[in-house]
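Structure at a glance
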Amino acid sequence: MAGMFGLELPFDTWESTLDWLLGAPLRVVLILLFAVAARWAAHRAIRGVVEGAAKRADDHERSSLERAFDSATGARKERRRQRALTMGSLLRSIATFLIATVALLTIMAELGMPLAPLLTSAGIGGVAIGFGAQSLVKDFLSGIFMIIEDQYGVGDLIDTGEAVGTVEEVTLRVTRLRDPSGVVWFIRNGEIIRIGNKSQGWAVATIDIPVAYDEDPARVIPLLRDVAAQVYADPDWSEKLLEEPSVAGVESVSGGTMTLRIFAKTRPGEQWGVPRVIRERAKERFDDEGVRGPRISPFGDAQV
């Protein structure tokens, strides 16, 4: 039967029409239904994998005290939720693109459209784009792995080698951070060779306390232990410390100075505030007990 513009339709009778409908059109519908089902299954599987990975990362090498703190504040839970949303959105987009591409090519093949010239053109174009955008692809792949592995997130203090600062934004292509002087750095993810994250898990503050060379360590060390215990018992600082600061003892003796060292295991970001309060209280205690500090001569040399 001739149709519009002189085209021959693939059917002349109801029987041929039914045969045609049960052929290519039905297969196209089945392909679309299969693609929708595959997309739903992939999204559900991705959701389960992402949530499980985030949960395992949250439980890895964390003490019961840290779990209790995170449960009370909800900080870790919010971080885990944001990470899961980011990873899930990225993986779902990739899965949708792949399934849609395969479904489209299969439908074109069912309709009798030539795929070889199309795939050849796409391959040549892809190679050309790949050579021209190698750095962009590298940045994107690095960004994907940074997000999946949770190497850092917004609010973390990191050292990228190029700059040290607080992360303000993480995208697939660049990381934006602000250093202590207020300068904003835009660093391409593909150019980051190493990352030092100073905001994950815990930090250790090292506090050196100098006193006069001739002071008796047996008298000074117990005073420092009392100071450490008082700071740990202070409600304003106990939540910032993971355990009571420990006095390691005499670290060095040089000229007219004896240096004693204290280690304090703190929460991320508190390794700068805790040493200040320990030094302040140590000075007050030394003044009360008559412990002398190192004396400096007019020429800059320590005197005994």
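Preceding this paragraph is the structure being described.
Residues numbered from 1 in each chain as written. Predicted model: local features only at pLDDT ≥ 70, side-chain atom pairs only at ≥ 80, totals over all residues. Heavy atoms only, no water.

This brings us to the environment of Lys-265. Relative to the assigned elements, Lys-265 resides in strand β8 (residues 257–266). For Lys-265, a relative accessible area of 26% corresponds to the partly exposed category. Taking the C-alpha atoms as reference points, Lys-265 and Pro-245, separated by 20 residues in sequence, lie 6.8 Å from one another. (Helix = DSSP H or I, 4+ residues; strand = E, 2+ residues; numbered from the N terminus. Buried < 20%, exposed > 50% of the residue type's maximum accessible area, 1.4 Å probe, protein only.)

Before going further, it helps to examine the sheet that holds β8. Across the sheet, which stays open at both edges, the 3 strands sit in the order β6-β8-β7 with antiparallel pairing between neighbours. The strands lining the two open edges of the sheet, one partner per strand, are β6 (203–212) and β7 (246–254). Here the average twist between neighbouring strands, direction ignored, is 25°. The sheet contact formed by β7 and β8 spans 7 bridges and is antiparallel. Bridging across to β8, Gly-249 finds its partner in Arg-261. (Pairing = 2+ DSSP bridges. Axes fitted to C-alpha atoms, helices over the stretch in contact; angles between N-to-C directions.)

Ordered in space as β4-β3-β2-β1-β5, the 5 strands form an open sheet in which the pairing is antiparallel. Since the sheet does not close on itself, it has two edges, and those belong to β4 (184–188) and β5 (196–197), each with one partner. Of the pairings in the sheet, the one linking strand β1 (residues 157–159) to β5 comprises 2 bridges and is antiparallel in character. The residue bridging Ile-158 from the neighbouring strand is Asn-197, located in β5.

On to the packing of helix α7 (residues 217–233) against helix α9 (residues 273–289), then. Two numbers describe how α7 lies on α9: the axes approach to 10 Å, and their chain directions differ by 135°. As far as their axial angle goes, α9 and α7 are oblique. Note that α7 runs across α9; the crossing there is right-handed. Of α9, the residues touching α7 (which contributes Arg-219, Val-220, Leu-223, Leu-224, Asp-226, Val-227, Gln-230 and Val-231) are Val-277, Ile-278, Arg-281, Ala-282, Arg-285, Phe-286 and Glu-289. Across the contact of α7 with α9, the residue classes break down as 9 nonpolar, 1 polar and 5 charged. (Parallel < 35°, antiparallel > 145°, perpendicular 65-115°, else oblique. Left-handed = near helix turned anticlockwise from the far one by under 90°. Contact = heavy atoms within 4.5 Å. Nonpolar A, V, L, I, M, F, W, Y, C, P; charged D, E, K, R; others polar.)

Inspection of every chain in the model, using the stated rule, returns 14 salt bridges. A salt bridge links Glu-169 to Arg-176, with the shortest nitrogen-to-oxygen separation between them at 3.3 Å. A salt bridge links Asp-214 to Arg-292; the nearest nitrogen and oxygen atoms lie 2.7 Å apart. On the criterion of sequence distance, the pair formed by Asp-214 in the loop between β6 and α7 and Arg-292 in the loop between α9 and β9 (295–296) is long-range, its members being 78 residues apart. Ionic contacts of the salt-bridge type, sharing partners, join the residues Glu-168, Glu-169, Arg-176 and Arg-178 into one network. (Salt bridge = Lys/Arg side-chain N within 4 Å of Asp/Glu carboxyl O.)

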